[in-house]
Amino acid sequence: MRAAEILRTVDQRPWAPPNRPWAMMQVWRNLLFAHWPLPAATIRDLLPPNLPLDTYGGDAWVGIVPFRMTGIHLHGLPDIAPFTRLLECNVRTYVNVDGKPGVYFFSLDADNRVEVEVARAWYHLPYFKAHFAYAFPDTPSDPADPAVLDGATRYSVTRSDRRLATGTFAARYRPIAPPVQTRQGTLEDWLTARYCLYTTDRRGRLYRGDIYHQPWQLQAAEAEITQNTLADAHDLRLPDTAPLLHYSRRLDMVAWPITGIAL
């Protein structure tokens, strides 16, 4: 999908997209949202002091989100094969600045060292190098791989970057219902219809990075999670309860450069 197709309708976006050229395109594939509610005070204490926590029904939510990127394209530059794809798993929560709800990342683990360092330098995002093992149902490494014969994704990530304590997320997950567009006001929409990210630099200055995509088409999912310690490095103790699970087969998106926010 081209950027013009992604941007053809923006009615559902709570505020207008930036009036400047986009910076990057990405395609998100085989994505799992695994979410847990936590007490708001627990998460608020872990955020930068100038970043207001967003809550739903009084609870904060933490997500573990494994997926793969394809079609990574920088505006105006040719595609370079090693940098057009990425494996990523992020640990995230939700914030709201000036009425613009967004995502705050505690960490983003990825498999390409160059892209990790570029994202840290250009976007001030907490990317870390990690090792991955995987099998996807639409591009299995072995067509007879039992992990993907029933439409499941097998995904394992172990953080190897020495700038943060190690951790692992390992799961086998798959959709169990047809895709449905999220409805405004629902928890599913609140968790996923986020059209920006927030981050801070080393001096504590706050930045917003706008993104855009068409509405999510989410599927109810099931997952067998065998290891789940990526969040431990942030003093996040996820409850020992079943997470809320959603799956997305594909979503095309565009992103703009980050901009500083004066509060």
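Residues numbered from 1 in each chain as written. Predicted model: local features only at pLDDT ≥ 70, side-chain atom pairs only at ≥ 80, totals over all residues. Heavy atoms only, no water.

Caption draft 1: Structural view of the overall build of the protein chain. Within the protein chain one finds four helices and 13 strands. Here the C-alpha atoms of the protein chain give a radius of gyration of 18 Å, agreeing with the 18 Å that 2.2 N^0.38 yields for 263 residues. Projecting the C-alpha coordinates of the protein chain onto the three principal axes gives extents of approximately 55 × 45 × 40 Å. Counting every position in the protein chain, which comprises 263 residues, the buried fraction comes to 52%. A total of about 12,400 Å² of accessible surface is found on the protein chain, and carbon and sulfur atoms cover 53% of it. Across the protein chain, the 28 positively charged side chains and the 27 negatively charged ones have centroids separated by 5 Å. (Helix = DSSP H or I, 4+ residues; strand = E, 2+ residues; numbered from the N terminus. Rg over C-alpha atoms; globule rule 2.2 N^0.38 Å. Buried < 20%, exposed > 50% of the residue type's maximum accessible area, 1.4 Å probe, protein only. Areas by Shrake-Rupley, 256 points an atom, 1.4 Å probe, with all protein chains shown as cover. Lys, Arg positive; Asp, Glu negative; His and termini not counted. Charge placed at Lys NZ, Arg CZ, Asp CG, Glu CD.)

Caption draft 2: Molecular detail of the nonpolar core. Ranked by size, the top nonpolar core spans 48 residues in total, and within it Ile 43, Ile 64, Val 91, Tyr 155, Val 157, Tyr 198 and Val 254 carry the most contacts. Residues contacting Tyr 198, with those up to four places away along its chain left out, are Leu 51, Val 95, Val 97, Lys 100, Pro 101, Gly 102, Val 103, Tyr 104, Leu 206, Tyr 207, Arg 208 and Ile 261. With 32 residues, the next largest nonpolar core counts Tyr 94, Phe 105, Ala 110 and Ile 211 among its residues. (Core = buried A, V, L, I, M, F, W, Y, C linked by side-chain atoms within 4.5 Å. Contact = heavy atoms within 4.5 Å.)

Caption draft 3: Here's a closer look at the packing of aromatic side chains. Summed over the entire model, instances satisfying the criterion amount to eleven aromatic pairs. Taken together, a centroid distance of 6.2 Å and an interplanar angle of 55 degrees make the contact between Tyr 173 and Tyr 247 tilted. Residue Tyr 173 is found in strand 7 (residues 168-175), and its partner Tyr 247 is found in strand 12 (residues 244-255); the two are separated by 74 residues along the sequence. Taking the relative accessible area as the measure of exposure, Tyr 247 reaches 4% and is therefore buried. By the ring-pair criterion, three or more aromatic residues cluster together here, those being Trp 28, Phe 33, Phe 67 and Trp 216. If you follow Arg 68 out to its NZ or CZ, it ends over the ring of Phe 136, 4.8 Å from the centre. The residue whose ring lies beneath Arg 194 is Trp 190, and the NZ or CZ to ring-centre distance is 4.4 Å. (Phe/Tyr/Trp six-rings, centres within 6.5 Å; stacked < 30°, edge-to-face > 60°. Lys NZ or Arg CZ within 6 Å of the ring centre and 35° of its normal.)

Caption draft 4: A look at the environment of Gly 204. Residue placement: Gly 204 occurs in the loop between strand 9 (196-200) and strand 10 (206-213). Sequence separation between Gly 204 and Ala 60 is 144 residues; the distance between their C-alpha atoms is 22 Å.

Caption draft 5: Looking closely at a nonpolar patch on the surface. Judged by side-chain polarity, Leu 74, Leu 77, Ile 80, Phe 83, Val 114, Val 118 and Trp 122 come together as a nonpolar surface patch covering roughly 620 Å² of accessible area. When residues in the nonpolar patch are grouped by element, the largest group, three residues, is from helix 3 (residues 113-123). With respect to the element layout, Val 118 can be found in helix 3. (Patch = residues over 30% accessible without salt bridge, like charges linked within 9 Å, V, L, I, M, F, W, Y side chains within 5 Å. Salt bridge = Lys/Arg side-chain N within 4 Å of Asp/Glu carboxyl O.)

Caption draft 6: Highlighting the environment of Ala 233. Mapped onto the fold, Ala 233 is located in the loop between strand 11 (217-228) and strand 12. Along the chain, Ala 233 and Ala 165 lie 68 residues apart, while their C-alpha atoms are 5.4 Å from each other. Leave out the neighbours within four places in its chain, and Ala 233 touches Arg 159, Leu 164 and Ala 165.

Caption draft 7: Geometry of the side chain of Arg 29. Structurally, the position occupied by Arg 29 is in strand 1 (residues 24-39). A relative accessible area of 17% means that Arg 29 is categorised as buried. Within the local environment of Arg 29, its side chain forms a polar contact with the side chain of Thr 70, the two groups lying 2.8 Å apart. (Polar contact = N/O pair within 3.5 Å; in protein donor to acceptor, adjacent residues only side chain to side chain.)

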